[in-house]
Structures are given as C-alpha cells and as structure tokens.
Amino acid sequence: MSFLDHLEELRSRLLKSLIALAVGFGIAWNFREEIFHFMVSPLRAAYPGLRLIATSPTEAVMLYMKMAFFAGIFIAAPFLLYQVWAFIAPGLYKNEKSYAIPFILFGTAFFVAGAAFGHYYLFPLTFSFLGSFGGADIEFMPKVSDYYSFYSWFLLALGIVFQVPVVIFVLARVGLVTARFLLKHFKWAVLLSFIVAAVVTPTPDIVTQTLLALPMIGLYLLGVVVAARFGKKRVSSASLTPKD
C-alpha cells in the first residue's frame with residue numbers, strides 16, 4: 001500500500017470507529033441515571049450521605065453527555081479493537097492474521113478488567129486515604145464535573161494499561177519479543193510502571209501511585225508468562241505464502 005492508501009485506510013477505520021462510538025453513546029444515554037449512580041458509588045462508599053454539587057446551569061446535562069460517551073467507549077470496545085487490528089493486519093503474514101479473535105476478546109476483557117479494578121478496588125482505597133486528611137474541620141463538597149474528570153481519566157488509563165499482556169501476546173506470537181527478553185528488561189519495566197503511574201494518577205501522593213504501579217508490574221510479569229507459553233520465533237518470509 002502506498003502512503004496515500006494508508007491514509008485512506010486510516011480515515012476509513014476512524015470513521016467506522018466514530019460511528020461505533022455514536023451507537024454506544026446512544027445506548028448509554030438511555031441508561032444515564034443508572035450510569036451516574038454507578039460512577040459515584042465508590043465516592044459514596046467512602047463518604048456515606050455525600051451529595052455532589054453543580055455550579056453552573058449546564059453542568060448536569062454536560063455531565064450526562066460526557067458519561068454517556070465514556071460508557072459508549074466500553075460498549076464499542078470490541079469493535080474499536082477490531083478496527084485497530086484491521087488497520088495493522090495488512091502488514092502481517094497470513095498465519096499471523098489468525099490472532100485477530102484472541103486480540104479482540106482478550107483486549108476487551110482486559111480493558112473492562114482494568115476499569116473494574118479501578119472502580120471496585122483502587123478508587124475506594126484512594127478516597128478513603130484522601131478523606132482521612134479532612135478531619136472534622138473541613139466539609140468535603142466536590143463538584144460533580146471534577147469527580148467525573150477524576151473518575152473517567154483514571155478508569156480509561158487503567159483500561160489501556162491493562163492491555164499490556166494482550167500486546168505482549170501479539171508481539172510474542174509474531175516473534176518480536178521473548179520471555180527472556182522481557183525478564184532481561186524487567187528493571188526498566190518497574191521504572192516505567194512508576195513513571196506511568198505518576199503521570200496517570202490524578203493525585204500526587206505516593207500511596208495512590210504505588211497502588212497503580214504494582215498491578216502494572218504484575219501485568220508485565222503476566223506478559224512474561226504469556227510470552228513463554230505462546231511465543232515463537234517469527235517464521236522467515238521465504239517459507240510463508242504471500243500476504244493477502
């Protein structure tokens with residue numbers, strides 16, 4: 001494919017992804033109240049009886065639209081991952097294209113698992129820790145838009161971070177990485193995990209950053225196991241049939 005053909009292919013994939021996101025937005029919009037109560041449940045678990053505030057007339061409606069779009073990403077996740085795979089597939093050998101289904105299934109599963117990890121585990125711990133500094137003299141009255149920004153950014157980042165084993169699986173299957181290579185560079189993976197955690201974490205405290213970095217290190221080690229189990233050397237092009 002020429003450079004212009006690649007651009008046209010990218011435009012087509014982006015357009016289809018936008019359509020999928022619009023469909024996901026439409027589905028999520030019909031459940032906006034339920035989505036709102038689900039999103040604020042970790043905060044209310046840490047602060048029982050808490051009421052969030054809005055400081056502008058349009059804040060509530062904009063919040064519901066943002067929440068519906070955010071939930072739409074999860075609804076459309078399998079199709080979005082397929083579009084990613086379809087874009088890179090022309091550069092793969094014919095036997096490597098069979099990894100599409102595992103990539104989509106496990107990519108979706110780990111994306112949801114990352115968000116669930118943040119919602120059910122990391123968020124309650126974070127809010128309980130941060131709330132311990134307020135005491136009786138400070139009344140916590142968060143803006144609903146601020147909470148949504150904190151929540152959505154964190155969960156989306158976790159969903160992306162949890163793709164590490166899936167990416168390693170694909171790279172190992174095509175012979176670009178091995179378990180030995182990953183173990184050799186483990187110390188750099190630990191350093192990178194803490195750097196990413198410092199960038200992704202909305203709060204500057206080391207506790208929250210560590211709570212995020214440790215699962216990332218665990219995911220890297222899971223990727224090592226995946227590479228050892230499923231990895232293989234890339235077959236030379238001479239022994240393969242021509243690409244489609």
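Caption draft 1: Structural view of the nonpolar core. Formed by 50 residues in total, the largest nonpolar core has its most connected members in Met67, Phe123, Tyr147, Phe154 and Leu212. Contributions of two or more residues to this core are made by α2 (32-46), α3 (59-75), α4 (77-88), α5 (100-131), α6 (144-161), α7 (164-173), α9 (186-200) and α10 (206-230). Ile168, Val177, Val224 and Ala227 belong to the second largest nonpolar core, which has nine residues in total.

Caption draft 2: Quick look at the packing of α2 against α3. The geometry of α2 relative to α3 is characterised by a closest axis approach of 10 Å and an angle of 85° between their N-to-C directions. One element, α2, and the other, α3, form an angle in the roughly perpendicular class. Residues Arg32, Glu33, Ile35, Phe36 and Met39 of α2 form the contact with α3, whose own contacting residues are Leu63, Tyr64, Met67, Phe70 and Ala71. Residues of the contact of α2 with α3, tallied by class, amount to eight nonpolar, no polar and two charged.

Caption draft 3: Representation of the layout of surface pockets within the structure. The volume enclosed by the largest pocket comes to roughly 370 Å³. Lining the largest pocket are 22 residues, and of these Leu80, Leu81, Val84, Trp85 and Phe103 sit closest to its centre. Breaking the lining of the largest pocket down by element, the ones donating at least two residues are α1 (3-29), α4, α5 and α7. Considering every element that reaches the lining of the largest pocket, the biggest residue donor is α4, with eight residues. Tallied by class, the residues present in the lining of the largest pocket amount to 17 nonpolar, four polar and one charged.

Caption draft 4: View of α7. Listed as buried for α7 are Pro165, Val166, Ile168, Phe169, Val170 and Ala172. A positive backbone phi angle near 85° is found at Gly175, which sits one or two residues after α7.

Reading the values: rules and limits
Residues numbered from 1 in each chain as written. Predicted model: local features only at pLDDT ≥ 70, side-chain atom pairs only at ≥ 80, totals over all residues. Heavy atoms only, no water. Core = buried A, V, L, I, M, F, W, Y, C linked by side-chain atoms within 4.5 Å. Buried < 20%, exposed > 50% of the residue type's maximum accessible area, 1.4 Å probe, protein only. Helix = DSSP H or I, 4+ residues; strand = E, 2+ residues; numbered from the N terminus. Axes fitted to C-alpha atoms, helices over the stretch in contact; angles between N-to-C directions. Parallel < 35°, antiparallel > 145°, perpendicular 65-115°, else oblique. Contact = heavy atoms within 4.5 Å. Nonpolar A, V, L, I, M, F, W, Y, C, P; charged D, E, K, R; others polar. 1 Å grid on protein atoms, 1.4 Å probe; cavity = no way out; pocket = protein on both sides within 12 Å on 5 of 7 lines; lining within 4 Å. Points joined across faces, edges and corners; volume = space filled by probe spheres on them.

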